[in-house]
Structure formats: C-alpha cells, structure tokens
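Spelled out from the first residue to the last, the chains are:
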Amino acid sequence: MKFRDMVSMSLANLFHRRVRTALTIIGVIIGTCAIIVMLSLGFGMRQSLEDMMKSMGDLTVITVYGGGGTYGSGGLDDKALKSMSELQDVAAITPIYFLDSSCITVSSRKYQFQAMIYGVDMDTIETFGFQPEEGSLPGSNFKNTDILFGSNSAYDFIDSSRRNNVRIDPIPDKNGEMPKPFVDLMKDQFTLNVNVEDSAKKTRGVKLNVLGVLMEDYSKDPSPTDCIFMDVSYAKELRQKYNKLNHIKNDDSSDSYNQIIIKMNSIDAVPNAVDQIEQLGYQSYSMESERDAVEKQLRTVQMILGGLGAISLLVAALGITNTMVMSIYERTREIGIMKVLGCVVWNIRAMFLIEAGAIGFLGGMFGIGISYGISAFLNSLAGKMAVNGGGGMLFSTGGNISIIPLWLVFASLVFSTLIGVLSGILPANRAMKISALTAIKQE
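Residues numbered from 1 in each chain as written. Predicted model: local features only at pLDDT ≥ 70, side-chain atom pairs only at ≥ 80, totals over all residues. Heavy atoms only, no water.

**Q** Explanation requested: helix H4 (residues 232-245) in the structure shown.
**A** What sets the pattern is the α-helix's 3.6 residues per turn: residues three or four places apart point alike. With 14 residues, H4 ought to run about 20 Å at 1.5 Å a step, and its terminal C-alpha atoms sit 20 Å apart, in line with that. Taken residue by residue, H4 has Val-232, Tyr-234, Ala-235, Lys-236, Leu-238, Arg-239, Tyr-242 and Asn-243 as its buried positions. Count one or two residues on from H4 and you reach His-247, which has phi positive near 55°. (Helix = DSSP H or I, 4+ residues; strand = E, 2+ residues; numbered from the N terminus. Expected span 1.5 Å × (residues − 1). Buried < 20%, exposed > 50% of the residue type's maximum accessible area, 1.4 Å probe, protein only.)

Structure representation (structure tokens):
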C-alpha cells in the first residue's frame, strides 16, 4: 500500500466519525493552549523583569566598595584599581573620588556651587553610557580643568551675598515653567578655589572649562544630576593641596578611592568578575546579581506553569488512546479483510499512527491559533491596567505580559503531534495482532 493511500484512508476514517474526532482534538487544543499560554506568561514575566532592571541600571556594570582587600590599608587604591583592570572582559574601569564643597569652591561671580564633585577617568565617560544634554563629552586629550556639569547642577548654585533665599529650587510654577537659575552652565565663566580655613590666606582661582551638561539618568552610578565630573587625578591633587594649606596630616582619603566602577563586555562576564573581586576581599554590587536571583525564582515558576499545561496535554493523550482503541473495535472486520487481501501488518500500524498523529497535529494547529488570541487579550488587558495605574509591578511596566516566541510555536506543534503518535502506538500494535480469521467473523 502506498503512503498516499494510507494517509487518505486515515483521514477519511477520522472525518467519518466527526463528533468523536472533534472532541478528541478539543482535548489536544486545551492541552496545547495550556502549555503555550502558561509558558508565555513566564516569558512575559522575565521580559518585564529585564526591562525593569535595565531601567534601574546597566546590567554589565559592577560597583566595588572599599573596606577590605589584600592591599594593606583595605581601601581602594591604585594597586586595587590595576588588579581589577586586569580582569577578563573589562570594557572600561574608573575610580570614583568624592570631593565636596568643603575642600574646594566652584563659583561664577557671587554664585557658589553647593553639591558633590566626583573625580573620574574622563575618557571612560562615553563607554559607561553617559549622554550629553548640551555640549560634548571629553575626548582622549582632555585637560585637568575640563569639567562636566550634571543635568540639575545649575540649581545647585547659591547666592553667597544673601542671607535668605540663597537658592532657587527647581520647582515649576503654575504654568509649568521652570524658574531661571542663577547661572548658565554653558555660557558663564567658572573658577575653582581651594578652601583655606585661615582667612588671611588666599588661593589663586583656576579657570574651568565646561565641556558640557550631562543628561539626567538616575540609573547611572554616580547619577549625573546634582554634581560636577572632573578628572580623578586633578581631584586627588586638589585634596592634597587642601590638606597642605590647612595643615591636615595622615589623611588616608587623599590616596584611596570611594568606589571603583567596572563595565564588562557582556552580562555573562559579570558573575565571574564578581567572584574574582570577592576573592580579593572587596564588596561589590551589580544589577546582574539581583537579576540572577529573581531569574531562579522565575525559572521555578515557569516549570510549575509548564507542568500544569503538560498535565492537560497528558489528559488529551489519554483521550487520543481511547479514541484509537474504540476505532479498532469498530474496524476489526475491516482490519481482517485488509490482512486477507495481503496488506502488510506494518501498513495497518502506520494507518493508525497517522490517524493519531493527525489528531495531535490538528489539535496543535488550532491550539496555537487560540493561544495567540488569548495572549493578545491578556496583553490588551495588561495595557489597560497599566494606563489606569493598577495591576502591580507586572502590569506597570507597560510591556507585554504574554510573549510567545517563534520557537515555542514550532516546539508546541511538534510536541502535540508527537504526543498523538505516541498515544497511538499501543492501539496500533493491538491492531497488528488481530487474527485475520477472527476479524472476518466479527460482526
């Protein structure tokens, strides 16, 4: 018997018993939908987590803190910086050196800057993803006096000639207009003076060159908002000068960094780098470590959801087996005649397997289509809840809570077809063993 003939006979038999075939296919549809929708919710939760974590910070960035280490003082010094720069897959590394307004004064006329000043490696600014709102980022040939302002730094200048209302708060008025700050960051001239406690001593001001204003981004560390970025070597030099002028000795902070920020080439390189940093005795933090912990929980949830869907498909498999067994009882005489006419027993087996596989295939096809409809409905519902501000974290991200990847579609179709074929093996083997003479006598 030709394969084409076996397929046509199998399909004809399925459509001959439409109601029973339809009910069996519905069972497969329910099982397929359960698996796809359950897994799609897990994928949606994972994507929402990824989007949330990315909005909170760069997953490839590691922040290293002091308080330990194998370099004597336990701080983050140049030796620690060099050791960490030699880690594999490091895209960029910069120390962070805190310099507040008690050490130096940045001013423009009578207006003085009153916020944090960070010393960083200026040539790594672009690699770490900082973006200019105005002006430009420093190139490789920057000068010590080159600085970058944070997005909100114009409102961090106070009027030193006043006793009251010395600051302009960045609060919009009734018309939504922001008040004009004391200074224009890109147009005004700024000078830097090292502070001296002895009022009789005065230091000569240094003119600063403003390269640009950084775009607001609270996911960055340090955040380029209320601050000034300058070269780390120059920041350390200013601290040492301040200590000298004010006769401060044994100041360990002048030689150590407050933090070290490392950007890796990929997310996969972060765990290994964190392990090596911890082996050096330093504490570190990365968004990837938090994401990994939550992902482990999500994988458990996905396995549970997929298991619930698999139970539904298992019930459908039992339905297919029952349908095929009933078909054998009804077609016993037909099987006997086929054997008497010389039909090979393997052809008989193949016919029943084709029927069972067709049920699984059709159920999978319809199940996939219905799953897309359910997924679209859930995403629409999530979108409405996000607009209304309800639904918790899962709905507040504004993304899809149900995501059906293309590989899941093909895998579900293959799986449902395979379930059908496997469910038909036992009935097909039973059909092969039916005696031709006994089958012909069957009424």
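**Q** Please explain empty space enclosed by the protein as it appears in this structure.
**A** Where empty space is left in the structure can be found by rolling a water-sized probe over the atoms. Applying the stated criterion across every chain yields a total of two cavities of 30 Å³ or more. Taken together, Thr-94, Ile-96, Val-120, Thr-124, Ile-125, Phe-128, Phe-130, Asp-221, Pro-222, Phe-229 and Ile-261 make up the lining of the largest cavity. Residues of the lining of the largest cavity, tallied by class, amount to eight nonpolar, two polar and one charged. Taken as a whole, the second largest cavity holds about 50 Å³ of empty space. Asn-13, Leu-14, Arg-17, Arg-20, Thr-21, Thr-323, Met-324, Ser-327 and Glu-355 together form the lining of the second largest cavity. Elements with a minimum of two residues in the lining of the second largest cavity: helix H1 (3-16), helix H2 (18-56) and helix H6 (287-330). For the lining of the second largest cavity, the element with the most residues is H6, which contributes three residues. Residues of the lining of the second largest cavity, tallied by class, amount to two nonpolar, four polar and three charged. (1 Å grid on protein atoms, 1.4 Å probe; cavity = no way out; pocket = protein on both sides within 12 Å on 5 of 7 lines; lining within 4 Å. Points joined across faces, edges and corners; volume = space filled by probe spheres on them. Nonpolar A, V, L, I, M, F, W, Y, C, P; charged D, E, K, R; others polar.)

**Q** Explain the nonpolar core to me, please; I cannot follow it from the model alone.
**A** One broad rule of soluble globular proteins: the nonpolar side chains tend to lie buried together. Counting 48 residues, the largest nonpolar core has Met-84 and Ile-104 as its most contacted members. Per-element tally for this core: the top contributor is H4, with five residues. Of all hydrophobic cores here, the second largest spans 27 residues; its members include Phe-43, Leu-353, Ala-356 and Ala-358. (Core = buried A, V, L, I, M, F, W, Y, C linked by side-chain atoms within 4.5 Å.)

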